[in-house]
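One letter stands for each residue in the lines below.
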Amino acid sequence: ASAKNSKNTAFHAIFKQLPIDEFLVEDFSCALQKEILVQGRMYLTDRNVCFHAVIFGWVTSVVIPFADVTALDKRMTALIFPNAIEITAGTQKYFFASFLFRELAFNLLTSLWR
């Protein structure tokens, strides 16, 4: 299954480095924890977890190949909100928070990873 053509076209306009035959499966609103929480979108393909945000002109763009992922874990923010996912790729950890649909995102991530 893949996302609508218009979303797939917009995805490839952001992630120009990815091959055109890599189709967007789904995207989710979330935030990447850096020095601050960076609100943006997670894009899932059958090969990669991608994240993109533009805040006050600062662009944050991340591509995590599923082949590099060693762990996926559900996490909480502020110790009480079950709305985060941590992705481990080698020694690098990526903490994504503020999911409205964390279970859906986590289940899809897990199925694409395996």
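Our subject is the structure that appears above.
Everything numeric here is computed off the predicted structure, so don't read it as measured data.

A. The arrangement of the pattern of salt bridges in detail. Inspection of the entire model under this criterion finds nine salt bridges. Across the pair Glu22 and Arg47 runs a salt bridge whose closest N-O atoms are separated by 3.8 Å. Of the two residues, Glu22 sits in the loop between α1 (5-14) and β1 (24-33) while Arg47 sits in the loop between β2 (37-45) and β3 (48-55), which places them 25 residues apart along the sequence. A relative accessible area of 1% means that Glu22 is categorised as buried. For Arg47, a relative accessible area of 34% translates into the label partly exposed. Here Arg102 makes a salt bridge to Glu103, at a shortest N to O gap of 3.2 Å. Through salt bridges with shared partners, one network takes in Asp21, Glu22, Asp46 and Arg47.

B. Focus on the sheet that holds strand β5 (residues 69-77). In spatial order, the strands read β4-β3-β2-β1-β7-β6-β5; together these seven strands make up an open sheet with antiparallel pairing. The two strands at the open ends of the sheet, each matched to only one other strand, are β4 (58-65) and β5. Strand-to-strand twist of the sheet, defined as the mean angle between neighbouring strand axes without regard to direction, takes the value 30 degrees. As paired strands, β2 and β3 are joined by four bridges and run antiparallel to one another.

C. Main features of the packing of aromatic side chains. Tallying each qualifying case throughout the model produces five aromatic pairs. Centroid distance Phe11 to Tyr43: 5.6 Å. Interplanar angle 40 degrees. Geometry classified as tilted. Note that Phe11 is positioned in helix α1 and Tyr43 in strand β2, a separation of 32 residues in sequence. Among the residues examined, Tyr43 registers a relative accessible area of 10% and is labelled buried. Residues Phe15 and Tyr43 carry aromatic rings whose centres are separated by 5.8 Å and whose planes lie at 70 degrees to one another, so their mutual orientation is edge-to-face. Here Tyr43 lies in strand β2 and Phe15 lies in the loop between α1 and β1, a separation of 28 residues in the sequence. Neither residue differs from the other here; Phe15 and Tyr43 are each classed as buried. Put simply, the rings of Phe11, Phe15 and Tyr43 touch in pairs and so form one group of aromatic residues.

What counts and what doesn't
- Residues numbered from 1 in each chain as written.
- Predicted model: local features only at pLDDT ≥ 70, side-chain atom pairs only at ≥ 80, totals over all residues.
- Heavy atoms only, no water.
- Salt bridge = Lys/Arg side-chain N within 4 Å of Asp/Glu carboxyl O.
- Helix = DSSP H or I, 4+ residues; strand = E, 2+ residues; numbered from the N terminus.
- Buried < 20%, exposed > 50% of the residue type's maximum accessible area, 1.4 Å probe, protein only.
- Pairing = 2+ DSSP bridges.
- Axes fitted to C-alpha atoms, helices over the stretch in contact; angles between N-to-C directions.
- Phe/Tyr/Trp six-rings, centres within 6.5 Å; stacked < 30°, edge-to-face > 60°.

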